[in-house]
Amino acid sequence: MSTTLLLARHGQTLWHAENRYAGVSDVDLTDEGRAQAVRLGWWAGRQAAAGTPIDAVWTSTVPRAIATAEPACRALDLVPTREHDLRECDFGVMEGRTLAEFESVDPTATAAFRADPVANPFPSAEDPRTAATRGKAALHHIASSHDGGRVLVVAHNTLLRLVLCDLLSIPLGEYRRVFPRLRNAAVSEIRLDGKGAALLSLNVPCG
């Protein structure tokens, strides 16, 4: 039996305006990010009212993802499950910096990252292959815990892009090209079963 996972990136944060990397850093949602979370909650409630209920909500353990999921949990009357393996990648020296700032300091490492972000991650960053493995395992665990159901999963941009590549047999090094970004609080739908994964929709806005 297949399980449907509704993948959502957290809402906009204070670092989005300057495109700063926020991996393990605790960065608050902006007013717009909180509004995006409300729209995600409205969408979740509308799904239930339309006869396509959401059976569970899972989030990463990072506060911005937890806050984004709260309106949906209220709309669905569900208590979220927090999963540490859904956390964003640790970006090492890039935490709190923009790519342009890093390029001014280390243009060679920046060029290598742009050429292949998996083979050449940022200094002291988590290995993207490790992140993909833990994220994929987390989604399979969620799917098996809700076999045949529909689950909202609120997590993070880079982690989810890496996991989507892994699930869909796309080379991990292509994640920035194939999935340029997941929009804040938009929903991407995948189906997982014993044979693999299918991508049903990508970046669908909630309102």
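All figures in this text were calculated on a predicted structure; none of them were measured in a lab.

1. Here's the deal with empty space enclosed by the protein
By the definition in use, this model includes 1 cavity of 30 Å³ or more. Each pocket or cavity is described by its volume, and for the largest cavity that value is around 90 Å³. Along its surface, the largest cavity is lined by 13 residues, and Phe 91, Pro 121, Glu 126, Pro 128 and Tyr 175 are the ones closest to its centre. Class assignment of the residues belonging to the lining of the largest cavity gives a composition of 10 nonpolar, 1 polar and 2 charged.

2. Structural notes on the pairing of strand E2 (residues 56-59)
Burial along E2 is two-sided: the residues Ala 56 and Trp 58 and Val 57 and Thr 59 are all buried. Here 4 bridges tie E2 to strand E4 (residues 150-155), and the two strands are oriented parallel to one another. By the bridge assignment, Ala 56 is partnered in E4 with Val 151. Sheet topology places E2 next to strand E3 (residues 81-82); 2 bridges connect them, and they run parallel.

3. Quick look at the layout of surface pockets
Its volume calculated, the largest pocket comes out at about 470 Å³. What lines the largest pocket is a set of 22 residues, among which Arg 9, Asn 19, Tyr 21, Asn 157 and Arg 161 lie closest to the centre. For the lining of the largest pocket, the elements supplying multiple residues, two or more each, are helix H6 (157-167) and helix H7 (175-178). When residues of the lining of the largest pocket are assigned to their parent elements, the largest contribution, 3 residues, is made by H6.

4. A few points about unusual backbone geometry
In the Ramachandran plot, Asp 77 falls in the positive-phi region, its phi being about 55 degrees despite a non-glycine side chain. Here Asp 77 lies in the loop between helix H2 (63-76) and E3. Positive phi, normally seen in glycine, also occurs at Ser 124, with a value near 65 degrees. Relative to the helices and strands, Ser 124 is located in the loop between helix H4 (107-115) and helix H5 (128-145).

5. Some remarks on the pattern of salt bridges
Taken as a whole, this structure holds 10 salt bridges when the rule is applied. Glu 32 is the salt-bridge partner of Arg 39, the closest N and O atoms lying 2.7 Å from each other. A residue is classified by how much of its surface remains accessible, and Arg 39, at 30% relative accessible area, is partly exposed. Notably, a salt bridge pairs Arg 134 with Glu 126, separated by 2.9 Å at the nearest N-O pair. Of the two residues examined, Arg 134 and Glu 126, each falls in the buried class.

Cut-offs and rules
- Residues numbered from 1 in each chain as written.
- Predicted model: local features only at pLDDT ≥ 70, side-chain atom pairs only at ≥ 80, totals over all residues.
- Heavy atoms only, no water.
- 1 Å grid on protein atoms, 1.4 Å probe; cavity = no way out; pocket = protein on both sides within 12 Å on 5 of 7 lines; lining within 4 Å.
- Points joined across faces, edges and corners; volume = space filled by probe spheres on them.
- Nonpolar A, V, L, I, M, F, W, Y, C, P; charged D, E, K, R; others polar.
- Buried < 20%, exposed > 50% of the residue type's maximum accessible area, 1.4 Å probe, protein only.
- Helix = DSSP H or I, 4+ residues; strand = E, 2+ residues; numbered from the N terminus.
- Pairing = 2+ DSSP bridges.
- Salt bridge = Lys/Arg side-chain N within 4 Å of Asp/Glu carboxyl O.

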